[in-house]
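# Coordinate inspection notes
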Amino acid sequence: MTDEKLARVVHAAKMYYQLDYSQQAIARELGISRPSVSRLLQEAKDRGIVQIRIVDPSQDVQQLEEEMQRRFQLKACLITDSPVDDELVRKEALGRRAAGYLHEIVTNGDIIGTTWGTTVFETARQVAEKNVHGVQITQLNGGVSYSETNTYAAEILNYLGRAFHTSPHFLPLPAVVDHLVVKQAIVSDRHIRQVLELGKKANIAVFTAGNRHEQSSLVKADYLTNEDVELLKERGSVGDICSRMIDIHGNICDDDINNRTIGIELEDLRMKEYAILVAGGLQKADAIFGALNGGYANVLITDQQTAQALLDKEEKGESA
């Protein structure tokens, strides 16, 4: 094959397989007939210029789910196939899988506790209605932002309330306050205390993992000061679970910040029938890993790339 012919074969292959040109469009571009384009593409395959590998995602995912379940002693692990490295696409896929799982497990008399954030919002938004009775929905941690950042706390509860035909219990408070005495005064209120107790009694918890440091939704919502952030960096914070900052081993990073946080205690998550952690993305891998090390989740819903990263961490012995 001449260099000129080889260049034309490669050019046609790139347009077809990388740029998604149709064969007709390639024919117009190269000034040749459509059958000629077909022959160029076949030539590319015959000469190994184009190599096609077919992967069965369902088989890979199933093996990964089983391995994750075994290694981290989970009740269930659901992994989404999210080939596009796009945060919004990934969160929508995670939410869709979590919504299906939640719809499947909820039955009469369940108490569902939920946190806030975009991943949980995508979950709640996609839950289909189910004909159940006596279900209660409650907020697990404060979600009123000091800034213009939307935590989606109210929307999440309303979506879930609509899906399971119930009126949700709101916790109209910030996640973290500036002083312990402020928190003590807030939680002494009878109505607030009842919502917090309901969250503790919930048999199903749906929550996500937050980013670390400056990327944290807690920082963006103006819950944490610059001094708080610097302290958390020093203490090895990897992110938050239910607004409580943890390290890679699942330990609380700072008692003072933790004591100023309004919501469910992390040890309460260990007592849930279903503690469902919905989170993905490599930037959250350490936070998810910390949550698993702490035993705060018995169900994990994540994406393939993140699941593999978690297995690699476990294999390297990064657990507590």
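Further up the page is the structure itself.
## A short note on the pattern of salt bridges
Going through the model one piece at a time under the given rule, you end up with 16 salt bridges. Between Lys-233 and Glu-230 there is a salt bridge whose closest N-O contact spans 3.7 Å. Taken together, the residues Lys-233 and Glu-230, both in helix α11 (residues 226–234) and 3 residues apart, mark about one turn of the helix. Using a relative accessible area of 33% as the deciding quantity, one classes Lys-233 as partly exposed. Exposure remark for Glu-230: the relative accessible area of 41% places this residue in the partly exposed category. Taken together, the shared-partner salt bridges connect Glu-67, Arg-70, Arg-71, Glu-314 and Glu-315 into one network.

## Thoughts on the nonpolar core
Core analysis: the biggest nonpolar cluster contains 42 residues, and Tyr-101, Leu-102, Val-106, Phe-164, Ile-204, Ile-276 and Ile-301 have the highest contact counts within it. Here the element with the most residues in this core is helix α5 (residues 87–105); it accounts for 6 residues. When neighbours within four sequence positions are excluded, Ile-204 is seen to be in contact with Leu-102, Ile-105, Val-106, Asp-110, Ile-111, Ile-112, Gly-113, Tyr-274 and Ile-276. Counting residues in hydrophobic clusters, the runner-up holds 33 residues, among them Leu-64, Ile-264, Tyr-296 and Leu-300.

## Overview of unusual backbone geometry
Phi is positive for Gln-73, which is not a glycine, with a value near 55 degrees. Relative to the assigned elements, Gln-73 resides in the loop between α4 (57–71) and β1 (76–80). Despite not being glycine, Cys-242 has its phi angle at roughly 55 degrees, a positive value. Tracing the backbone through its elements, the reader meets Cys-242 in the loop between β5 (239–241) and β6 (244–246). On the accessibility criterion, Cys-242 (3% relative accessible area) is buried.

## Digging into the sheet that holds strand β4 (residues 204–207)
Read across the sheet, 6 strands follow the order β1-β8-β7-β4-β2-β3 without closing on themselves; strand pairing throughout is parallel. Unpaired on one side and paired on the other, β1 and β3 (136–139) mark the two borders of the sheet. Averaged over all pairs of adjacent strands, the angle between strand axes in this sheet comes to 15 degrees, irrespective of strand direction. Note that strand β7 (residues 274–278) and strand β8 (residues 299–303) share 3 bridges and pair parallel. Across the sheet, residue Ile-276 finds its bridge partner in β8, namely Val-299. This element, α5, spans β1, β4, β7 and β8 of the sheet and lies at about 150 degrees to β8. Those strands touched by helix α15 (residues 304–315) are β1 and β8, and its axis lies near 115 degrees from that of β8.

Scoring rules and cut-offs
Residues numbered from 1 in each chain as written. Predicted model: local features only at pLDDT ≥ 70, side-chain atom pairs only at ≥ 80, totals over all residues. Heavy atoms only, no water. Salt bridge = Lys/Arg side-chain N within 4 Å of Asp/Glu carboxyl O. Helix = DSSP H or I, 4+ residues; strand = E, 2+ residues; numbered from the N terminus. Buried < 20%, exposed > 50% of the residue type's maximum accessible area, 1.4 Å probe, protein only. Core = buried A, V, L, I, M, F, W, Y, C linked by side-chain atoms within 4.5 Å. Contact = heavy atoms within 4.5 Å. Pairing = 2+ DSSP bridges. Axes fitted to C-alpha atoms, helices over the stretch in contact; angles between N-to-C directions.

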